[in-house]
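Residue strings, one per chain:
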Amino acid sequence: MASTIHSKGEYRLEEFDAGEAGIYPGMLIKLNSDGDVIKHDEEGGRGLAMFAAEDALQGNTVSTEYASGARVTCYLPSKGSEVHALIENGQDISIGEQLISASNGKLKSINDLESGKTVFQVIAVAAEACDLTGSNSSDTLSRVIIL
């Protein structure tokens, strides 16, 4: 498992308050109307490529959840940069596959878009294969390239 969310490339580091509980490092996040960050919640929707980072300065790891109201460290990676993003359980992703918001802070394949939905933005492409279809799989950090 990855020990950091940033993999390589340029990025800007920001901090915002968590507008909800359940934000984990590697999640795609967005600003809400209060200026807090929440999980990106629109499947295939537009958004800034912004990911929650591990709070290493507090001794936290990529597995440590942010509580509501906590200060969230956020990566804003540049195009072409790589991060370890949370991939939704049940996905079978190949290298180079386009990834979109799964509407829960995680990424999923563009090929798994719900019927009747429209993709407004592809966030990244997979930089490594990730098969989470087995019974012992769970949401996993996987390396992606930001578009």
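In case you missed it, the structure is sitting above this.
None of the values given here were measured: they were computed from a predicted structure. (Residues numbered from 1 in each chain as written. Predicted model: local features only at pLDDT ≥ 70, side-chain atom pairs only at ≥ 80, totals over all residues. Heavy atoms only, no water.)

**Q** Tell me what's going on with the overall build of the chain, and back it up with residues and numbers.
**A** Counting its regular elements, the chain contains zero helices and 13 strands. Ordered by position in the sequence, the α and β elements of the chain form the string β-β-β-β-β-β-β-β-β-β-β-β-β. What you see for the chain is a C-alpha radius of gyration of 14 Å, in line with the 15 Å of a compact globule of 147 residues. A total accessible area of about 7200 Å² is found for the chain, and carbon and sulfur atoms account for 43% of it. Where the 11 positive side-chain charges of the chain centre and where its 22 negative ones centre are 5 Å apart. (Helix = DSSP H or I, 4+ residues; strand = E, 2+ residues; numbered from the N terminus. Rg over C-alpha atoms; globule rule 2.2 N^0.38 Å. Areas by Shrake-Rupley, 256 points an atom, 1.4 Å probe, with all protein chains shown as cover. Lys, Arg positive; Asp, Glu negative; His and termini not counted. Charge placed at Lys NZ, Arg CZ, Asp CG, Glu CD.)

**Q** Just give me the short version of unusual backbone geometry, but keep the residues and values in it.
**A** The phi angle at Ser103 is positive, at roughly 75°, despite the residue not being glycine. Considering the arrangement of structural elements, one finds Ser103 in the loop between strand S9 (98-101) and strand S10 (107-109). On the basis of relative accessibility, which here comes to 32%, the residue Ser103 falls in the partly exposed class. (Buried < 20%, exposed > 50% of the residue type's maximum accessible area, 1.4 Å probe, protein only.)

**Q** Could you give an account of the pairing of strand S13 (residues 140-146), with specific residues and numbers?
**A** Pairing of strand S7 (residues 82-87) with S13 involves six bridges; the strand directions are antiparallel. Among the inter-strand pairings, Ile87 is bridged to a residue of S13, identified as Thr140. Sheet topology note: the strand S11 (residues 124-126)/S13 ladder contains three bridges and is antiparallel. Paired with Val125 across the bridge in S13 is Ile145. (Pairing = 2+ DSSP bridges.)

**Q** Pulling in residues and values, what's your account of the pairing of S7?
**A** Buried residues dominate S7, accounting for six of its six residues. Here S7 shows no split at all, with Glu82, His84 and Leu86 on one side and Val83, Ala85 and Ile87 on the other all buried. Relative to S7, strand S1 (residues 6-8) runs antiparallel, the two sharing two bridges. Pairing of His6 across the sheet is with Val83, part of S7.

**Q** Quick rundown of the pattern of salt bridges? Include the residues and the values.
**A** Evaluation of the coordinates by the stated rule reveals eight salt bridges. A salt bridge links Lys108 to Glu43; the nearest nitrogen and oxygen atoms lie 2.4 Å apart. Placement of the pair is Lys108 in strand S10 and Glu43 in the loop between strand S4 (37-39) and strand S5 (51-52), with a sequence separation of 65 residues. Through salt bridges that share partners, Lys8, Glu82 and Arg143 make up one connected network. (Salt bridge = Lys/Arg side-chain N within 4 Å of Asp/Glu carboxyl O.)

**Q** If you had to explain the environment of Val83 to someone new, which residues and values would you point to?
**A** The residue Val83 is located in strand S7 in this model. Through-space distance from the C-alpha of Val83 to that of His6 is 4.6 Å; in sequence the pair is 77 residues apart. Dropping the residues within four chain positions of it, Val83 is found in contact with Ile5, Ser7, Phe51, Pro77, Ser142, Arg143, Val144 and Ile146. (Contact = heavy atoms within 4.5 Å.)

**Q** Describe the environment of Arg143, listing the residues and the values that go with them.
**A** Mapped onto the elements, Arg143 comes out in strand S13. Relative accessible area serves as the criterion here: at 24%, Arg143 is assigned to the partly exposed category. With 140 residues separating them in the primary sequence, Arg143 and Ser3 have C-alpha atoms 12 Å apart. Look past the residues within four positions of Arg143 in its chain and what remains in contact with it is Ser7, Glu82, Val83, His84, Ala126, Ala127 and Glu128. Side-chain polar atoms of Arg143 contact the side chain of Glu82, separated by 2.8 Å. (Polar contact = N/O pair within 3.5 Å; in protein donor to acceptor, adjacent residues only side chain to side chain.)

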